[in-house]
Amino acid sequence: MSLHTDCDGRRRRDFLKLGMCGLGAMSLPELVRAQQQKKKDTSLIFVWLAGGPPQMDTYDMKPGAPAEIRGEFKPISTNVSGIQVCELMPKTATAMDKICVLRSVTSVDLGSHERSSRYLQTGVLPVPNMDFASFGSVFVKEKQFKGDMPPFVGVLKPVERGWGGGFLGPNYDPFLAGDPNEKNYRVRDLLPPMGVSLDRIGRRRQILQEFNAAWRAVDTEAKLNSYDPAVEQAYNMVFSEKVLKAFDMDQEPGKLRDAYGRTQIGQGLLMARRLVESGVKAVSVWMGGWDTHAKNFESLKTKLLPPLDQGFGMLIEDLAQRGLLDSTLVVQIGEFGRTPHVNKDAGRDHWPKAFSVALAGGGIKGGQLIGATDKHAAEVTERPITVEDLSATVFTSLGVDLHRVNHTPEGRPIAIVNGGKPVTEALV
Amino acid sequence: MHALSWQLLLATIAAVCPAWAQSADTTARRWSFPTHIAPILTFGGCNQSACHGSPVGKNGFKLSLYASDPESDHKVLVSKRVNLAAPDESLLLKKPTMQVPHGGGPRFKKDSQNFATLQAWIRAGAPYGDKDAPALIRIEVSPGYRVLSAKGEAIQLKVDAIFSDGKREDVTGLSVFSSNDDGVIKVSASGRATAEGGTGDAAVLVRYAGKFAAPVYGATMLKRSTNTIAPAAAATHPIDREVYGKLNQFHIAPSELSTDEEFHRRAYLDLTGTLPSAADVRQFLASNAPGKRMLLVDQLLEKPEYADLQTLVWADRLRSDVRFHRVGGVRSYYRWLKEEFLVNRPLDGFARALLSATGPSFTNGAANYWGNYDKISTPIETAIQTGQVFLGVRISCAQCHNHPFEKWTQNDFYSLAAVFSQVVEFGTKQTQEFDLRIEPTRAVINPATKRAAEPRYFGGDVIDLAPGEDRRPAFAKWLTAPENPFFARAMANQIWRHMMGRGLVQPVDDFRETNPPTHPALLDLLARELASHKFDQKHLIRFIAASRAYQHSTRSNQTNALDFKYYSRAYPKRMMAEVYMDAIAQVTNLENKFANWSEARRAVQLPDNRYNAYFLDVFERSNRLVICDREENVTVSQALHFVNSPDVQAKLASPDSRLARWIAAGKSDAEILDELFLATLSRHPAAQEKDRLLTRISQAKDRKELLEDVLWAILNSREFIFNH
């Protein structure tokens, strides 16, 4: 079969690859290899704080700075001597020994949330006429995970572009799981609608297969045949107890749900833990509201930090307790930081020059701070980390070859990392 | 290096490359950096985008991409990588041979001709060369087009460099080769092109010293037969002569013609974005009118649904977006577009109206071409958009560097942007509406020259008007002149793509020398047909619809199952999300309602491209953030949506649906099946499938539920979702 480099060809290549990875039984050597792979495979939980969290009100406090810079909050100690965080992050403070904070991340001013979001969610500077792929998408494409659970899931609502498969196509978009904090939470389209039993779903599938089989005899267009893998996956999910249970928040004890916090981000992070436990390899959790141009301190105090802190701290603790922390890379990140000077609306504006990113789990050496900023948290003074370096670090932890090149539908080669170097001090 | 081995080297060079040996004393030859050394760097991969040709270079050493700027490269090399006092210590020699660590690995062997040339050049003082030396004009590749006829058959390509003094030089050994379809033709580093087992044409991209060529070669694994020759000989329609002529070269036999059922449904979907009703199908099948297919086409072109569908297609291309143009803007844009297609405005007038539009944007729909987010788009944005929509050229790469495989330079890019630099905002921001005026002296700075870019007709002369004049109408007039090399072809290609499922140039906005049309003569023919008939889109649609190529069945035969480019069979096209949503509504007779958009009774008519409708998202309505063809991916989310969506189920089970009415009216199982098939698949059920389904119905505990399940299956089936 010829391999066309246009859109048609790309899909057929994918078809060949997907078609060959069947869902049937594996031989014993394959099983053993698969188990070994499991031990080595790290999962990703990518916690995206849309809007850009303020570094000096979270991980990079500057208590010695003048009032109009240091803001309203004071630092508190953590369980790592010498490391302090904002007083509104007490739960995170108890997990500090597992967290590594990169304080010297430095990006470029791209002029908009949209462009910066695309940059930080993909690790690649955005261009006008195409979308690059998010870290999770690149990761699951590289590893080609198979199983009943979708390999990449998104929890809560994605914000701006950059969160999906981009030019890799929508098959590498995260499966959207919605808001687990909702009353009567259900994942869209995972359960049959009212009045339709699973038996009927099965019967419908049979009738459909008869129609499509008759049609295949008429037309061998590969484009049509490519329906099968995604459709197979969908039915596997519908008929799988395991999948339905994984997305069922009622399976979690109420006390644990309370411990994470009955908030969107709290329940979202709990869902992330559930998903990773059930075999999902990448989870993106989106939290909005961080673009505090006005009332920065009020928002942080009442809406943003308490729910995040509770959920995030609990996530680390929960992962550790279940023995999942070593095999799960957790990243807490936004598209940029915020201005050292508080503005006239008691807010902070965009600040890409210097900001913090928190890492935990997955081969990360916790309990340390890497890099530093000046006394106003304005400029990086030590160990600058570019977005590309960050990208290299994430992919190294996930076991993705940094030299990987993916191709657009027109055959244009796109490197996943453009010259970044992993921050080895952060890695075990 | 010792004298003896030096002579051996010369002898080796002389033996391998006679042209070089002509000047046996290499120190005295007339060196030319651009033609002798730069190609070696390209050949060795030094200046590719992954290495030193990247925008930031590599390891502090930056070359221009594929040697597009030899003067700058020479300066960089001499200052950083060449040691004139001790030539053999030059990093240019030591790095690519791994005598010192090199991130790029080994690129040349020490005993290779290329290494020897580099060495000799450095020893000669690393000159740039005589600025009066004859310049390289172009390269020519031979042999010409031919079709290889067995797997493994190969031809050796020869590349000649043509200089300004008329001299030719064989530069095959330093040219870089690649194929755009390795499955058909694979080309080795030495220029040997081999048939790999696929059937079709492949363009071989050949690069040397900043020049390139893209000769096309073909291969076929099929044998000559009467099945291929006969149709070609009998073809009367000009399109078929071209299509069948090409198929003949590959010995691909075309499929038979589509059945009346297939043609009928296809024409409805292609021209109106709607399905025929059961009554329409019965009438068409029963008719014996001569030329009934073309009569049908004429009828469909006159329906208002034709204008609705064209509005959607163009709104995608123009990226009408409720975030950028606001509710008022997309409303007026759609109103304007629909009117244009209702009156069948010639495409040249259509383009001129958009390109010369004045605001305000909520009143004059065409003005929305010029703005986004309540302000005027930058000249750069407008240049990129105009390039893709009307010129068929993706020039955005040229914003930052000269296009690697195309003649468009950064200067061309900024000269196009300069055409639009006069357009500025006018009016207040309060209402979200924008208006525009001309600021005659406003310019665009070309970052390469740091001066104002001269506005030019794309690839042509400077636009020279009276001071203060709006350049846009002059540009639009140039663009839409019948002899303009871009417009007619770009428009014809888009119309062809809509009808046939694939552009002759694909992607449709990516005309490039290195992305040649599959049928160059056919493309020219279509462009001429359009231009010579007042750019009447309906005329070209009729012209295409009348051909056998359009009317082929999608059913493949033994020779053409793997043809995806040469129109030996019709290519199935998945319904657009909006069309699919409307088709379900049409079949169940349950109209969709769109809150706040009373002008839209069907999804195709909905100006709000971000209207909250999960169905449309999941079936990939265009996001209009980039201009590109809608993809036809199948995703888990789509499959799940159809399996479990409550909305779909509601339509199926509704007591007001057509199915419910048939049941309530007491129709028999057979009657219902017949009506169902006619309404959805636009055909009667075949005997076998009818029997199978009748058996199921008779055995079902709940007849109504089973019929709903059959309808569900049909709506989800390939035969329904695809336009075939």
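Residues numbered from 1 in each chain as written. Chains lettered and ligands numbered in written order. Predicted model: local features only at pLDDT ≥ 70, side-chain atom pairs only at ≥ 80, totals over all residues. Heavy atoms only, no water.

> Sorry, what's going on with the overall build of chain A here?
From N to C terminus, chain A includes 14 helices and 17 strands. For chain A, the residues scored as buried account for 56% of the 428 residues in total. Contacts in chain A between residues at least 24 apart in sequence constitute 72% of all its contacts with a sequence separation of at least 6. (Helix = DSSP H or I, 4+ residues; strand = E, 2+ residues; numbered from the N terminus. Buried < 20%, exposed > 50% of the residue type's maximum accessible area, 1.4 Å probe, protein only. Contact = heavy atoms within 4.5 Å.)

> Just to check I follow, could you spell out the interface of chain A and chain B for this structure?
How big an interface is tends to be stated in terms of the accessible area lost upon association of its parts. The interface is formed by 60 residues belonging to chain A together with 63 residues belonging to chain B. Around 5600 Å² of area is buried between chain A and chain B when both sides are counted, 56% of it from carbon and sulfur atoms. Between chain A and chain B we count seven salt bridges in total. A salt bridge links Arg200 of chain A to Glu705 of chain B, with the nearest nitrogen and oxygen atoms 3.6 Å apart. There are 14 residue pairs in polar contact (both at pLDDT 80 or more) connecting chain A and chain B. The biggest single contributor to the side of chain A that touches chain B is helix α7 (residues 198-218) of chain A, with 14 residues. Taken together, the residues of the side of chain A that touches chain B break down into 29 nonpolar, 11 polar and 20 charged. (Buried area = accessible area lost by both parts, 1.4 Å probe. Salt bridge = Lys/Arg side-chain N within 4 Å of Asp/Glu carboxyl O. Polar contact = N/O pair within 3.5 Å; in protein donor to acceptor, adjacent residues only side chain to side chain. Nonpolar A, V, L, I, M, F, W, Y, C, P; charged D, E, K, R; others polar.)

> Please explain helix α20 (residues 537-545) of chain B as it appears in this structure.
Since the α-helix packs 3.6 residues into each turn, any two residues three or four apart lie on the same face. All names here are of chain B. Most of α20 sits out of view: eight of its nine residues are buried. For α20, the set of buried residues is Gln537, Lys538, His539, Leu540, Ile541, Phe543, Ile544 and Ala545. A distance of 2.9 Å separates the backbone nitrogen of Lys538 from a side-chain oxygen at the start of α20, and that oxygen is part of Asp536.

> I tried to follow the environment of Tyr128 of chain B on my own but got confused; where do I start?
All names here are of chain B. As for its position among the elements, Tyr128 is in the loop between α6 (113-123) and β1 (136-142). Taking the relative accessible area as the measure of exposure, Tyr128 reaches 17% and is therefore buried. For the pair Tyr128 and His724, spaced 596 residues apart in sequence, the C-alpha separation works out to 60 Å. The residues contacting Tyr128, other than those within four sequence positions of it, are Trp31, Ser32, Phe33, Pro34, Pro70, Glu71 and His74.

> What exactly am I supposed to notice about the confidence of the model for chain A here?
When pLDDT is low, close inspection of the predicted coordinates is not appropriate. Residues and elements named next belong to chain A. This prediction gives chain A a mean pLDDT of 88; 88% of its residues lie at or above 70. Here residues 1-29 is modelled with pLDDT under 50, and outside its nearest four sequence neighbours on either side it reaches 48 contacts, counting other chains as well. Per-residue pLDDT stays below 50 along residues 31-36; that stretch engages in two contacts with residues further than four places along the chain or on separate chains. (pLDDT = per-residue confidence, 0-100.)

> Mind showing me how you'd approach the packing of helix α27 (residues 669-680) of chain B against helix α28 (residues 687-699) of chain B here?
Relative placement of two packed helices is described by the angle separating their axes and the distance separating the axes. Residue and element names in this part refer to chain B. Direction vectors running N to C along α27 and α28 enclose 125 degrees, while the axes themselves pass 10 Å from each other. Judged on the interaxial angle alone, α28 and α27 are oblique. Here α27 runs over α28; the crossing is right-handed. Contacts between α27 and α28 pair Asp669, Ala670, Leu673 and Phe677 from the former with Glu689, Lys690, Leu693, Leu694 and Ile697 from the latter. Its residues placed into classes, the contact of α27 with α28 shows six nonpolar, no polar and three charged. (Axes fitted to C-alpha atoms, helices over the stretch in contact; angles between N-to-C directions. Parallel < 35°, antiparallel > 145°, perpendicular 65-115°, else oblique. Left-handed = near helix turned anticlockwise from the far one by under 90°.)

> Mind showing me how you'd approach the packing of aromatic side chains here?
Where two aromatic rings form a pair, the distance of their centres and the angle of their planes describe that pair. All names here are of chain B. Scanning all chains against the criterion turns up 41 aromatic pairs over all chains. Ring geometry for Trp314 against Phe350: centres 4.8 Å apart, planes inclined by 70 degrees, an arrangement best described as edge-to-face. Taken as a pair, Trp314 in helix α12 (residues 304-318) and Phe350 in helix α14 (residues 347-355) lie far apart in primary sequence, 36 residues in all. For the pair formed by Trp314 and Phe350, the shared burial category is buried. The aromatic ring of Trp314 is capped on one face by Arg317, whose charged end is 4.6 Å from the ring centroid. (Phe/Tyr/Trp six-rings, centres within 6.5 Å; stacked < 30°, edge-to-face > 60°. Lys NZ or Arg CZ within 6 Å of the ring centre and 35° of its normal.)

> Looking at this structure, I do not really get the nonpolar core. What am I missing?
Across soluble globular proteins, nonpolar side chains show a tendency to be buried alongside one another. Judged by nonpolar contacts, the single largest core of 223 residues is most densely connected at Phe247 of chain A together with Phe390, Leu526, Ile544 and Phe720 of chain B. Considering every element that reaches this core, the biggest residue donor is helix α13 (residues 296-321) of chain A, with 10 residues. Every residue in contact with Phe247 of chain A, bar those within four places of it in the chain, is listed here: Met149, Pro150, Val153, Phe175, Ala177, Tyr185, Val187, Leu190, Met237, Met271 and Leu275 of chain A. With 48 residues, the next largest nonpolar core counts Val82, Tyr128, Ala161 and Val187 of chain B among its residues. (Core = buried A, V, L, I, M, F, W, Y, C linked by side-chain atoms within 4.5 Å.)

> Any chance you could explain the sheet that holds strand β4 (residues 158-163) of chain B here in plain terms?
Residues and elements named next belong to chain B. Ordered by their spatial adjacency, three strands build an open sheet running β1-β4-β5, and the pairing between neighbours is antiparallel. Each having just a single partner strand, β1 and β5 (168-170) make up the two edges of the open sheet. Geometrically, the sheet is characterised by an average inter-axis angle of 25 degrees between neighbouring strands, direction not taken into account. Of the strand pairs in this sheet, β4 and β5 are connected by three bridges, and their pairing is antiparallel. Paired with Ala161 across the bridge in β5 is Glu169. (Pairing = 2+ DSSP bridges.)

> Any chance you could explain the sheet that holds strand β3 (residues 154-156) of chain B here in plain terms?
Working definition: the strands of a sheet are paired by backbone hydrogen bonds and lie parallel or antiparallel to each other. All names here are of chain B. Across the sheet, three strands lie side by side as β3-β8-β7; this open sheet has antiparallel pairing. With one partner strand each, in any of the chains shown, β3 and β7 (185-187) form the two edges of the open sheet. Strand after strand, the sheet turns through a mean of 20 degrees between neighbouring axes, direction not considered. The sheet contact formed by β3 and strand β8 (residues 192-195) spans three bridges and is antiparallel. Within β8, the residue paired with Ala154 across the bridge is Thr194.

> Looking at this structure, how should I read the state of the cysteines?
Disulfides are covalent bonds that link the sulfur atoms of two cysteine residues. What the rule picks out here adds up to zero disulfides over all chains. Of the cysteine sulfurs around Cys86 of chain A, a residue in no disulfide, the closest is that of Cys100 of chain A, at 19 Å. Of all cysteine sulfurs in the structure, the one in Cys46 of chain B sits closest to Cys51 of chain B, which takes part in no disulfide; the separation is 8.0 Å. (Disulfide = S-S within 2.5 Å.)

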